[in-house]
Amino acid sequence: MSSGEKILSVIRADSEETIAEIKKQSEEKRQAILSKADEKAKEIAQTAQIKKAELTDRLKKSNQSRIELEKRSMVLKTKREEIEKAVRKISDSMKNLNDEAYFRLIYRLASTLGKKEGVILLNTRDLKRVPKDFLSEMAKSGITATLSNVPDDRIDSGFVLKNGDIEDNMSFDAIIAEKREAIEDVINRELFKD
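Residues numbered from 1 in each chain as written. Predicted model: local features only at pLDDT ≥ 70, side-chain atom pairs only at ≥ 80, totals over all residues. Heavy atoms only, no water.

Caption draft 1: Region of the structure containing the packing of aromatic side chains. One pass over the structure, following the stated rule, counts four aromatic pairs. Geometrically, the ring pair formed by Tyr107 and Phe134 is tilted, given 6.0 Å between the ring centres and 40° between the ring planes. Placement of the pair is Tyr107 in helix H4 (residues 99–111) and Phe134 in helix H6 (residues 134–140), with a sequence separation of 27 residues. Residue classification places Tyr107 among the buried residues on the basis of a relative accessible area of 12%. An aromatic cluster of three or more residues is present, and its members are Tyr102, Phe103, Tyr107, Phe134 and Phe172. (Phe/Tyr/Trp six-rings, centres within 6.5 Å; stacked < 30°, edge-to-face > 60°. Helix = DSSP H or I, 4+ residues; strand = E, 2+ residues; numbered from the N terminus. Buried < 20%, exposed > 50% of the residue type's maximum accessible area, 1.4 Å probe, protein only.)

Caption draft 2: How the structure looks around the pairing of strand E4 (residues 166–171). Sheet analysis places strand E3 (residues 158–163) next to E4, joined by six bridges and oriented antiparallel. Counted as the bridge partner of Phe159 is Met170 from E4. Between the antiparallel neighbours E3 and E4 lie two residues, among them Gly164 with a positive phi of about 65°. (Pairing = 2+ DSSP bridges.)

Caption draft 3: Structural detail: the nonpolar core. In this structure, Ile106, Ile120, Phe134, Met138, Ile143 and Phe159 are the most contacted members of the largest nonpolar core, which totals 30 residues. Among the secondary structure elements, those contributing two or more residues to this core are helix H3 (53–95), H4, H6, strand E2 (143–147), E3, helix H7 (172–178) and helix H8 (180–191). Here this core takes eight residues from H4, the largest share from any one element. Residues contacting Met138, with those up to four places away along its chain left out, are Ile106, Tyr107, Ala110, Ile120, Ile143 and Phe159. (Core = buried A, V, L, I, M, F, W, Y, C linked by side-chain atoms within 4.5 Å. Contact = heavy atoms within 4.5 Å.)

So, in structure tokens, the structure goes:
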């Protein structure tokens, strides 16, 4: 299993409950949208029946295409909104883990970098709660580094490993952005199973 798959596995495990809740809400929204679209289709069909046969045939075909397009557009819009909501909830759940789980995730992320060295940058909140064995755990993950005592609040969560001008951004937002397509695929499969 590659490090990217491990990260996705951790993210999936941390967000199963969130996905279930969003899936339920999404299904309710999807049903409401389909119901509205069906009602609109009935109205359009009734209007079309009044017209002459040739015009009616053309209108039915045109309206059906438009209705299908509107349905697809509404469903896609809802899917995009629900996926975005799920990604935000995943990010929030990662950022709000208890201290032990939070730093365990940081060590897993560090292990994906391989053997590296430098200075570890954390935000103010994480500097205040950093475990005593943090640097030794990072070393076990392959990172030989010192910990900067100066907080870097550009980092919302996670860490940055800096070695001269080179920075490895392992903030949770950066990881999610990097893996977003794969995360969206997972969420899409879980939320919108047909």
